[in-house]
Amino acid sequence: MADLTTNIGNLVMKNPVMTASGTFGYGEEFSDFIDISRIGGIIVKGTTIKHREGNPYPRMAETPSGMLNAVGLQNKGVDYFIDHIYPRIKDTDTNILVNVSGSTVEDYVATAEKVGELDKIPAIELNISCPNVKEGGMAFGTSCESAAKVVSAVRKAYKKTLIVKLSPNVTNIAEIAMAVEGAGADSVSLINTIMGMAIDAEKRKPLLSTITGGLSGACVKPIALRMVWQVSNAVKIPVVGLGGIMNATDAIEFLLAGASAVEIGTANFIDPTVTIKVIDGINAYLDKHGFKSVKDIIGQLETK
Amino acid sequence: MRKYLLDLTVSGNEKLSGNYILMKLTSEERLPDMLPGQFAEVRVDNSPSTFLRRPISIHFVDRDANELWFLIQLVGDGTRKLAELKKGDIVNVMVPLGNSFTMPSLEQQELLLVGGGVGIAPMLMLGAALRNLGYYPTFLIGARTKKDLLQLDAFENYGKVYMTTEDASCGEKGFVTNHSILTQKFDKIYTCGPTPMMKAVAAYAAKNNIDCEVSLENKMACGVGACLCCVTDTTEGHKCVCSDGPVFNIKDLKWQI
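Because the structure is predicted, anything quoted here is derived from the model rather than measured. (Residues numbered from 1 in each chain as written. Chains lettered and ligands numbered in written order. Predicted model: local features only at pLDDT ≥ 70, side-chain atom pairs only at ≥ 80, totals over all residues. Heavy atoms only, no water.)

Colleague: I'd like to hear about the overall build of chain B, residue by residue, with values.
Modeller: A count of helices and strands for chain B gives four helices and 16 strands. Here chain B has a C-alpha radius of gyration of 17 Å; the compact-globule value for 257 residues is 18 Å, and the two agree. Counting only C-alpha atoms and orienting by the principal axes, one finds that chain B spans roughly 50 × 40 × 35 Å. For chain B, with 257 residues in total, the buried portion stands at 59%. Looking at chain B alone, contacts between residues at least 24 apart form 62% of all its contacts between residues at least 6 apart. In the structure as shown, chain B presents an accessible area of about 11100 Å², 47% of it carried by carbon and sulfur atoms. (Helix = DSSP H or I, 4+ residues; strand = E, 2+ residues; numbered from the N terminus. Rg over C-alpha atoms; globule rule 2.2 N^0.38 Å. Buried < 20%, exposed > 50% of the residue type's maximum accessible area, 1.4 Å probe, protein only. Contact = heavy atoms within 4.5 Å. Areas by Shrake-Rupley, 256 points an atom, 1.4 Å probe, with all protein chains shown as cover.)

Colleague: Hey, could you go over the state of the cysteines for me, with residue numbers and the actual values?
Modeller: Throughout the structure, instances matching the rule amount to zero disulfides over all chains. No disulfide involves Cys240 of chain B; its sulfur sits 4.6 Å from that of Cys230 of chain B, the nearest cysteine. (Disulfide = S-S within 2.5 Å.)

Colleague: Tell me what's going on with the domain arrangement of chain B, and back it up with residues and numbers.
Modeller: Residue and element names in this part refer to chain B. For chain B, the assigned domains read domain 1 (4–97) and domain 2 (111–215). On the domain 2 side, the residues contacting the 18 residues of domain 1 number 14 residues. Interface area for domain 1 against domain 2, summed over the two sides, is near 1400 Å², with a carbon-plus-sulfur share of 71%. On the surface where domain 1 and domain 2 come into contact, there are zero salt bridges. Summed over the shared surface of domain 1 and domain 2, the number is four residue pairs in polar contact (both at pLDDT 80 or more). Classifying every residue of the side of domain 1 that touches domain 2 by side-chain character gives 12 nonpolar, six polar and no charged. (Domains from an automatic or database assignment. Buried area = accessible area lost by both parts, 1.4 Å probe. Salt bridge = Lys/Arg side-chain N within 4 Å of Asp/Glu carboxyl O. Polar contact = N/O pair within 3.5 Å; in protein donor to acceptor, adjacent residues only side chain to side chain. Nonpolar A, V, L, I, M, F, W, Y, C, P; charged D, E, K, R; others polar.)

Colleague: Residue-level account of the pattern of salt bridges, with values.
Modeller: Across all of its chains, the model carries 20 salt bridges over all chains by this definition. Through salt bridges with shared partners, one network takes in Lys90, Asp91 and Lys120 of chain A.

Colleague: Any details on the interface of chain A and chain B? Residues and values, ideally.
Modeller: On the side of chain B, 29 residues touch chain A, which itself brings 34 residues to the contact. In total, about 2600 Å² of surface goes out of reach between chain A and chain B, with carbon and sulfur atoms giving 62% of it. With a shortest N-O distance of 2.6 Å, Arg54 of chain B and Glu62 of chain A are connected by a salt bridge. Put simply, chain A and chain B have 11 residue pairs in polar contact (both at pLDDT 80 or more) between them.

Colleague: Give a description of a nonpolar patch on the surface that names residues and reports values.
Modeller: Residue and element names in this part refer to chain A. On the surface, a cluster of nonpolar side chains totalling about 300 Å² of accessible area is made up of Met197, Ile199 and Ile211. Looking at the secondary structure, you find Ile211 in the loop between strand E13 (205–206) and strand E14 (212–216). Judged by its relative accessible area of 42%, Ile211 falls in the partly exposed class. (Patch = residues over 30% accessible without salt bridge, like charges linked within 9 Å, V, L, I, M, F, W, Y side chains within 5 Å.)

Colleague: I'd like to hear about the sheet that holds strand E3 (residues 39–42) of chain B, residue by residue, with values.
Modeller: All names here are of chain B. Strand order across the open sheet formed by seven strands is E4-E3-E7-E1-E2-E6-E5, with antiparallel pairing between neighbours. Strand pairing shows two members of the sheet lacking a second neighbour, strand E4 (54–57) and strand E5 (60–62), which therefore form its edges. Taken pair by pair, the neighbouring strands of this sheet meet at an average axis angle of 40°, ignoring direction. For E3 and E4, the ladder comprises four bridges, and the chain directions are antiparallel. (Pairing = 2+ DSSP bridges. Axes fitted to C-alpha atoms, helices over the stretch in contact; angles between N-to-C directions.)

Colleague: Tell me about the side chain of Arg53 of chain B, residues and numbers included.
Modeller: Positionally, Arg53 of chain B belongs in the loop between E3 and E4. It is Asp271 of chain A that comes nearest to the buried, bridge-free Arg53 of chain B among opposite-charge side chains, at 5.0 Å. Among the polar contacts made by the side chain of Arg53 of chain B, one reaches the main-chain carbonyl oxygen of Glu41 of chain B at a distance of 3.1 Å. Sequence-distant contacts of Arg53 of chain B, defined by excluding residues within four places in its chain, comprise Phe269, Ile270, Asp271 and Pro272 of chain A together with Leu5, Glu41, Val42, Arg43, Asn92, Val93 and Met94 of chain B. (Lys, Arg positive; Asp, Glu negative; His and termini not counted.)

Shown next, in the form of structure tokens:
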């Protein structure tokens, strides 16, 4: 049994496997299938200052080796989370992280402040990369200036571990990552979904109510891996890698590319036990190759 | 209700008339408890264009044979792959998912179960459950043509069966809402089928002040209320068809009927 513990800033994780926001609900939805306390961290659904109904149906389209979604941050707002959901999940024996989203800098700050008061939430993931909302969201994550602005403001208001989730829908993700690092982020996670679309040729109509949506699943993995490698070479803060991880080998590839932890998203829909399989698979890999700790493989890609 | 992730064994996979299969799955263990209206998320292997699980209604649970039945319309690569499975093959299912039809209240005696096309699937298990409670439900089954009328013998075990076909090849001609049986008085209607049909049935129920439940089948990803992809608009906002549904009372839906 290798040592699977890893750190994201001050956040200590029993293993490097987390669940990606919006794909695992609040964890409870999966507790019939697995012991969710075995997971390194659960990042709950994107949370905003006020209740959001999200986008109209249809919000999802299956695509080759992946899917598009356009949920649009449906959630009941941070106060509902604090009053009704947090009490139910706070004693789960794992790290519970909240994905914080917003339309304005003030919204992000206000939500982060409220979440910051919750004892059992050791970190937030600041979502500056949601492609499915009209205002804010990805708009903050696609320029260095706006990304730095929102991260600086949240940094002042939030003292615990601050992870910033980056958008792949940019020309140079490493520059955004550096801007976010300079603004005080403890870590960056990447990638959020890639903007895409799907069309029903027979009906001559888009498959999503919003026309465009965010692409995830196995098909995005090579892009995500490339971006994690570029970003981990550009910043000193730890990187959390996600995008198309379907199994332990995929996760190990992200660790080798420089990620200190990974998130599993869309794969949860296909196999609700995938997180446990990935944790066990990483351990088996480390044992097989004689590594004592998962930290021994982080960023250990041999390029020569 | 506790959900399970099970590897079940194909005990039968019969091609029915039209473009449908009746798949029967079994296990060495007793199959979990399931309720009428619930569904399974079925993994489809070896189909490169099928990424997500397929939500499939529970058609029937044969407790004597320990079999779970799915009635499946072959619409794409995924369902065609399911049709190729042979006796002894393994199918991975998440089951049981979603809510269920509610049993009638004391004053609701005359029950009408309306199914259209492959939407008849959950009506068999519902009919069996109602018969088991002492009701004698009326089934009204609609299809395009005779070959799309499935499982009629099975339905006849549990109640009286009426049919409509659009081409008059069997039963009365037209849509279910044209059938003469609707001149009788019903206390509760359950329906599942194409959305236009369910809306027409809902409109009939609303007009005649009849309690009515519909089973929706929006496109889904997770099946457990985590991804919020399959929502429908209700009087309480967007709700997940997979976890708050698939069964909704029409008074809670914001259908324009």
